[in-house]
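Inside the fold
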Amino acid sequence: MSEQTILKVKNLQTQFTSGNKTVNAVNNVSFSLKSKKTLGIVGESGCGKSVTVHSITQLLPPLGKITDGKVTYIKNGNEIELSGLKKQGRQMRSIRGKEIGMIFQDPNTSLNPVYTIGNQIVENILQHEKITKKHAIEKAADMLNSLGIPMAHTRMNDYPHQFSGGMKQRVGIAMAMVSNPSILIADEPTTALDVTIQSQILELMKRIQEDYGTSIIFITHNLGIVANMADELAVMYMGKIVEYGSTRQVLTSPKHPYTEALLQSVPFVGMDKEKRLKSIKGSTPDPSSLPEGCSFASRCEFATEECKVFPNEFHLGDGHHVKCWLYKDKEVSIKKDGKRDKIGN
Ligand SMILES: Nc1ncnc2c1ncn2[C@@H]1O[C@H](COP(=O)(O)OP(=O)(O)O)[C@@H](O)[C@H]1O
Ligand SMILES: [Mg+2]
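Residues numbered from 1 in each chain as written. Chains lettered and ligands numbered in written order. Predicted model: local features only at pLDDT ≥ 70, side-chain atom pairs only at ≥ 80, totals over all residues. Heavy atoms only, no water.

Note the threshold: UniProt positions are given in the numbering used here, feature names are shortened, and annotations may be inferred rather than shown by experiment.
Naming follows an unreviewed UniProt entry, where the protein chain appears as Peptide/nickel transport system ATP-binding protein of Virgibacillus subterraneus. Quoted verbatim from the Sequence similarities (unreviewed entry) field of the UniProt record, the comment on the protein chain reads "Belongs to the ABC transporter superfamily." Under the UniProt heading Subcellular location (unreviewed entry), the note attached to the protein chain is "Cell membrane".

**Re the environment of Met 156**
We apply this condition: Comment: elements are numbered from the N terminus, with helices defined as DSSP H or I runs of at least four residues and strands as E runs of at least two. Between buried and exposed lies partly exposed: a residue is buried under 20% and exposed over 50% of the maximum accessible area for its type, with that area taken using a 1.4 Å probe on protein chains only. Contact definition: two residues touch when any of their heavy atoms are within 4.5 Å.
Positionally, Met 156 belongs in the loop between α5 (152-155) and α6 (165-177). The exposure class of Met 156 is buried, given its relative accessible area of 6%. With 16 residues separating them in the primary sequence, Met 156 and Ala 140 have C-alpha atoms 8.6 Å apart. Those residues in contact with Met 156, other than ones at most four positions away along the chain, are Thr 116, Ile 117, Gly 118, Asn 119, Val 122, Ile 137, Ala 140, Ala 141 and Leu 144.

**Thoughts on the sheet that holds strand β11 (residues 314-315)**
Backbone hydrogen bonds hold the strands of a sheet together, and the pairing may be parallel or antiparallel. Rules: Think of it this way: DSSP has to see at least two bridges between two strands before they count as a pair. Axis lines are fitted to C-alpha atoms, over the contacting stretch for helices. Their N-to-C directions set the angle, which ranges from 0 to 180 degrees.
Pairing in this open sheet of eight strands is mixed, and the strands run β6-β7-β8-β3-β9-β10-β12-β11 from one edge to the other. Two strands close off the open sheet at either side, each with one partner strand: β6 (100-104) and β11. Pairing of β6 with strand β7 (residues 183-187), which is carried by five bridges, proceeds in the parallel orientation. Paired with Ile 100 across the two strands is Ile 183, which belongs to β7. Sheet strands touched by helix α1 (residues 49-56): β3 (38-42), β6, β7, β8 (215-220) and β9 (232-237). Its angle to β8, the strand with the most contacts, is close to 150°. Across the sheet, helix α7 (residues 195-212) lies against β3, β6, β7 and β8, angled at about 160° from β8, the strand it touches most.

**Quick look at α7**
Here is the rule we go by: Helices are assigned an expected span. That span is 1.5 Å times one less than the residue count. Throughout, the arc means the angular range of directions from the helix axis out to the C-beta atoms.
Across its 18 residues, α7 extends 26 Å between first and last C-alpha, which sits within 8% of the 26 Å expected from 1.5 Å per residue. Turning to α7, its buried residues number three or more, namely Gln 198, Ile 201, Leu 202, Leu 204, Met 205, Ile 208 and Gln 209. Along the long axis of α7, the arc covered by the buried residues comes to 155°, so they all point the same way. Exposed positions of α7 whose direction lies more than 90 degrees from the buried face are Thr 196, Glu 210 and Asp 211. Considering only its buried residues, α7 is in contact with β3, β6, α6, β7, β8 and α8 (223-226). Two residues or fewer after α7 comes Gly 213, characterised by a positive phi angle close to 70°.

**Remarks on the sheet that holds strand β2 (residues 21-34)**
Taken together, the four strands give an open sheet; going across it, the order is β2-β1-β4-β5, and neighbouring strands pair in antiparallel fashion. One side of each edge strand has no neighbouring strand; the edge strands of this open sheet are β2 and β5 (78-81). Strand-to-strand, the axes of this sheet are offset by a mean angle of 10°, without reference to chain direction. Pairing of strand β1 (residues 5-18) with β2 involves 10 bridges; the strand directions are antiparallel. Each residue of the ladder has a partner; that of Gln 15, found in β2, is Asn 24. Those strands touched by α1 are β1, β2 and β4 (64-75), and its axis lies near 115° from that of β1.

In structure tokens form, the structure reads like this:
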């Protein structure tokens, strides 16, 4: 059976304009999220990961604007163009939260310090479901219990500051999951947590996916984390996806020099102790005056004259593609009859 797509992002472009400066924070980004799968979006801080997902849910900061492209959510076979909906319209507000849940790096983002935990989750349920308050309280407690918060009924009377960081993130996940969304967007959900708590939260997210069949977009700047989480990976650099493929393809056979550099800069369990971690040389260019060509060229040891023109997307087979001129002769095309035909060498 072919895998179903639940979300399609096509040629998305999101800009920030202030004065006479324009930043293409997201530049011609396309991907699809498959049902019940996890797509990881990785890349250094500032590369456009958060802006990408905030464009999907139309939660961009005031200066940000989608200037091109299409975001389509597929619900029971019906396509809903999210990019065509009014930001604060009824349909978008109902999709946000009910169909697409979100958790953030800082759980305080989703929690209000002046209301009890219970109050907030119950409110959230009542916004999306027509059930009694009593039923909503039961539901909230069940969700918290199942996410590893003991004595949930009592703890629902607590305020956010009475919870530890890890517990707050569990509550954040509970808030996102109470309406059983089809898609969960997790934007660096464990970055602010200790390593042991981090792995508990990651395990929790995997269990959620198994129990609820949720499709997940998992954002991180840490390639070490996604190895275990994502089915497919999109590697972003300066607003563009420079490499895309299955997690196995990207991690075991990285193609883009940026992906390779990123991989060499993170420690992996079982990694050869002799192998030194390398930092990526140079720094990211000014996003408001990017070169016309490949934006990684200034830091790339393989850069040539050719890189002054932005590379095409080269398809290497089995869904793996890369935007780098090194692969122009290695492209594979999938013929209509399904047989692969090598172009070049
Ligand atoms: N509120 C904002 N105002 C102006 N520019 C912004 C704003 N938020 C993000 N940007 C621009 O978009 C780029 C991508 O940001 P972001 O998606 O938050 O990066 P990250 O990959 O760390 O999540 C930033 O480098 C910045 O140039
Ligand atoms: Mg971010």
